[in-house]
Amino acid sequence: MSDRRIFYGWVVVAVAVLATLVAAGIRSVPGALLVPVEQDLGWSKTTISVAVSIGLVLFGLGGPFSGYLMDRYGPRRITLFGLLLMSLSMAGSALMTQVWQLNLIWGVVSGVGTGIVGSVLGATVANRWFIRQRGLVMGIFGGATSAGQLIFIPALVAWATGLGWREASWVMVGVALAVMVPIFLLMRDSPAEIGERPLGAAAGSAPAKITADAGVMGRAVRSSTFWLLAGTFFICGATSNGLIGVHFIPYAVDCGISQGVASGMLALLGAMNFVGTIASGWLTDRYDPRKLLCVYYVFRGFSLLLLPYAVTPETMVPFAILFGLDYIATVPPTVALVADNFGRQNVGTVYGWVFAAHQLGAAFASWAGGSVRDALGEYNLAFFAAGAVAIMGGMLSLGIRRALRPVVA
């Protein structure tokens, strides 16, 4: 290790966190601007929701694409490309007047751009630069995703109210372009680029360039470990983003609670998620990630089983606190298990596909939750089923293989 007083990996983490914040903010644009766009252009919620759904799917599929490119060409250039796509999507948002433009901009361009940066950047940086404190770094990136939503959703609403939704889109163009500057100047692809070793690497080992394994996915798909990781992350997406992220506010409205109060509950959930994800990263550095996943999923399952009995603001506050603590807490141990089993140099590629399973689960639960509500007039069956599935996910987590000696480059 060089004589730098501050390990340069922390600088890389700092600028990558900025990119993650912006990706989370731009991913939040449709939710924040849906009402003013609907009122201004006369498009229905269904029409706008189609574009949002396209964006969610491509956000998930952007993970494998981004992971492969980051493993091959390094995160710096790919992150710059993703930020450029995000800035173009926001510029297009400010200018759109036709539905096909909405689907292209909010769906395709925004979905791919945010997926390139928001899905696997944190996992790639954490595993290239850190052996020690890797889980903590992943927790920081998970917290950044929550913080991006907490920062930009109210800001976007305020800008849209005070300036107009098109002007709010232009502001986001400026934000995305501004973040490209520190990424270009400060991000490095690997410790070897500056003669460093990953934090925690064995003393005396030479800096090594991180090179992805071209055949890693062929090996992964033949491994039960990969399918268990993908399966449990499918459950994670279904029981978090897909069900609660989409249907919590409608459920609260069904209970006679105003949208404003329900939004406050989601904000509380997001704040607790920030705390829980960073804590999960710290725990991942110290305990078996499989056991942590088991605890998280079982805890989430019992929270969901109790949700149908939370029908007032006073009873929903405990749910928001408890559920929020492990909303994204599954990310650090999942990434750690991917790295340990398939190699730090392959995290972008393998975790990208695991993350795609997460988003497919989210898309399925979003549809299924709405279908249950339309068919039965209430969400209770959806919450009970999700709770049972989450507990099953906890049991499946214990079957994931943990390499005794993590695979490294």
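Residues numbered from 1 in each chain as written. Predicted model: local features only at pLDDT ≥ 70, side-chain atom pairs only at ≥ 80, totals over all residues. Heavy atoms only, no water.

> Just to check I follow, could you spell out the overall build of the protein for this structure?
Within the protein one finds 16 helices and zero strands. Taken against the 2.2 N^0.38 rule, which gives 22 Å for 409 residues, the C-alpha radius of gyration of the protein at 21 Å falls within 12% of a compact globule. Considered along the principal axes of its C-alpha atoms, the protein spans approximately 65 × 45 × 40 Å. The proportion of buried residues among the 409 residues of the protein is 54%. By sequence separation, contacts in the protein at least 24 residues apart represent 85% of the contacts at least 6 residues apart. A total accessible area of about 16,400 Å² is found for the protein, and carbon and sulfur atoms account for 68% of it. (Helix = DSSP H or I, 4+ residues; strand = E, 2+ residues; numbered from the N terminus. Rg over C-alpha atoms; globule rule 2.2 N^0.38 Å. Buried < 20%, exposed > 50% of the residue type's maximum accessible area, 1.4 Å probe, protein only. Contact = heavy atoms within 4.5 Å. Areas by Shrake-Rupley, 256 points an atom, 1.4 Å probe, with all protein chains shown as cover.)

> Where do I start with helix α10 (residues 224–254) in this structure?
Along an α-helix, a turn takes 3.6 residues, which lines up residues three or four apart on a common side. In this model α10 runs 41 Å from its N-terminal to its C-terminal C-alpha over 31 residues, within 8% of the 45 Å that 1.5 Å per residue would give. The largest bend in α10 comes to about 50°, at F248, with the proline P250 one to four residues further on. The opening residue of α10 is S223, an N-cap whose side-chain oxygen sits 3.1 Å from the backbone nitrogen of T225. (Expected span 1.5 Å × (residues − 1). Bend = angle between axes of the 7 residues up to and from the residue. Polar contact = N/O pair within 3.5 Å; in protein donor to acceptor, adjacent residues only side chain to side chain.)

> What's the story with a nonpolar patch on the surface in this structure? I'm lost.
Together, F274, V275, F299, I321, L322 and L325 give the surface a local cluster of nonpolar side chains, amounting to about 440 Å² of exposed area. If you list the elements that add at least two residues to the nonpolar patch, you get α11 (259–284) and α13 (313–325). The leading source of residues in the nonpolar patch is α13, at three residues. Mapped onto the secondary structure, V275 falls in helix α11. (Patch = residues over 30% accessible without salt bridge, like charges linked within 9 Å, V, L, I, M, F, W, Y side chains within 5 Å. Salt bridge = Lys/Arg side-chain N within 4 Å of Asp/Glu carboxyl O.)

> In this structure, what is going on with the environment of V253? I would like to understand it.
By the secondary structure assignment, V253 is in helix α10. It is 9.8 Å that separates the C-alpha atoms of V253 and V311, two residues lying 58 residues apart in sequence.

> Help me understand the packing of aromatic side chains, please; the structure alone is not making it clear to me.
Describing an aromatic ring pair means giving the distance of the ring centres and the angle of the ring planes. Within this structure, the stated rule accounts for 16 aromatic pairs. Geometrically, the ring pair formed by F233 and Y351 is tilted, given 6.0 Å between the ring centres and 55° between the ring planes. You can see F233 sitting in helix α10 and its partner Y351 sitting in helix α15 (residues 347–376), a full 118 residues away along the chain. There is no split in this pair, since F233 and Y351 are both buried. (Phe/Tyr/Trp six-rings, centres within 6.5 Å; stacked < 30°, edge-to-face > 60°.)

> Could you clarify how one ought to interpret the pattern of salt bridges in this entry?
As enumerated under the stated definition, the model contains three salt bridges in all. A salt bridge links R290 to D288; its shortest N-O distance comes to 2.7 Å. Given the relative accessible area of 14%, D288 is considered buried.

> Help me out: how do you make sense of the side chain of T124 in this one?
Tracing the backbone shows T124 in helix α6 (residues 121–129). Judged by relative accessible area, which is 2%, T124 ranks as buried. Excluding its chain neighbours within four sequence positions, the residues that come into contact with T124 are M70, P75, V347 and G348.

> What exactly am I supposed to notice about the packing of helix α1 (residues 8–27) against helix α7 (residues 134–162) here?
How two helices sit against one another is set out by the angle between their axes and by the gap between those axes. Close contact between α1 and α7 brings their axes to 7 Å; oriented N to C, the two are set at 40°. Taken as axis vectors, α1 and α7 run oblique relative to one another. The hand of the α1/α7 crossing is right-handed. Across from W10, V13, A16, V17, T20, L21, V22, A24 and G25 in α1, the residues of α7 making contact are V137, I140, F141, A144, T145, A147, G148, Q149, I151, F152 and L156. Looking at the contact of α1 with α7 residue by residue, the class counts come to 15 nonpolar, five polar and no charged. (Axes fitted to C-alpha atoms, helices over the stretch in contact; angles between N-to-C directions. Parallel < 35°, antiparallel > 145°, perpendicular 65-115°, else oblique. Left-handed = near helix turned anticlockwise from the far one by under 90°. Nonpolar A, V, L, I, M, F, W, Y, C, P; charged D, E, K, R; others polar.)

> Where do I start with helix α14 (residues 331–342) in this structure?
If you check α14, its first and last C-alpha atoms are 16 Å apart, about what twelve residues at 1.5 Å a residue would give, namely 16 Å. Burial analysis of α14 places twelve of its twelve residues in the buried class, the great majority of the element. Residues of α14 that are buried include every one of V331, P332, P333, T334, V335, A336, L337, V338, A339, D340, N341 and F342, and no others. Phi for G343, located one or two positions after α14, is positive at around 100°.

> Can you walk me through the side chain of T284 in this structure?
Its place among the elements puts T284 in helix α11. The class of T284 is buried, set by a relative accessible area of 7%. If sequence neighbours within four positions are ignored, T284 has contacts with G135, P289, L292, P332, P333 and A336.

> For this particular structure, what's the right way to read the confidence of the model for the protein?
Detailed reading of the predicted model is not advised wherever pLDDT is low. Confidence in the prediction for the protein averages 85 pLDDT; 93% of positions are at 70 or higher. Within the protein, helix α2 (residues 29–41) has the poorest average pLDDT of any element, 78, and helix α16 (residues 380–397) the best, 95. Note on residues 405–409: pLDDT under 50 across the span, and ten contacts to partners over four residues away in sequence or across chains. (pLDDT = per-residue confidence, 0-100.)

> Is there a simple way to explain the packing of α10 against helix α12 (residues 289–306) in this structure?
α12 packs onto α10 with a crossing angle of 35° between their chain directions and a minimal axis gap of 12 Å. The way α10 lies across α12 gives a crossing that is left-handed. For the pair α10 and α12, the contacting residues are T232, F233, C236, T239, S240 and I244 in the first and Y297, R300 and L304 in the second. Per-class residue counts for the contact of α10 with α12 are five nonpolar, three polar and one charged.

> Would you explain the nonpolar core in this entry?
Side chains that are nonpolar tend, in soluble globular proteins, to be buried together. Counting residues in hydrophobic clusters, the biggest one holds 107 residues, and the most contacted among them are W106, I244 and Y351. Looking at this core element by element, the count peaks at eleven residues for α1. Contact partners of I244, with chain neighbours within four places excluded, come to T239, L269, L304, L307, F319, F323 and F383. (Core = buried A, V, L, I, M, F, W, Y, C linked by side-chain atoms within 4.5 Å.)

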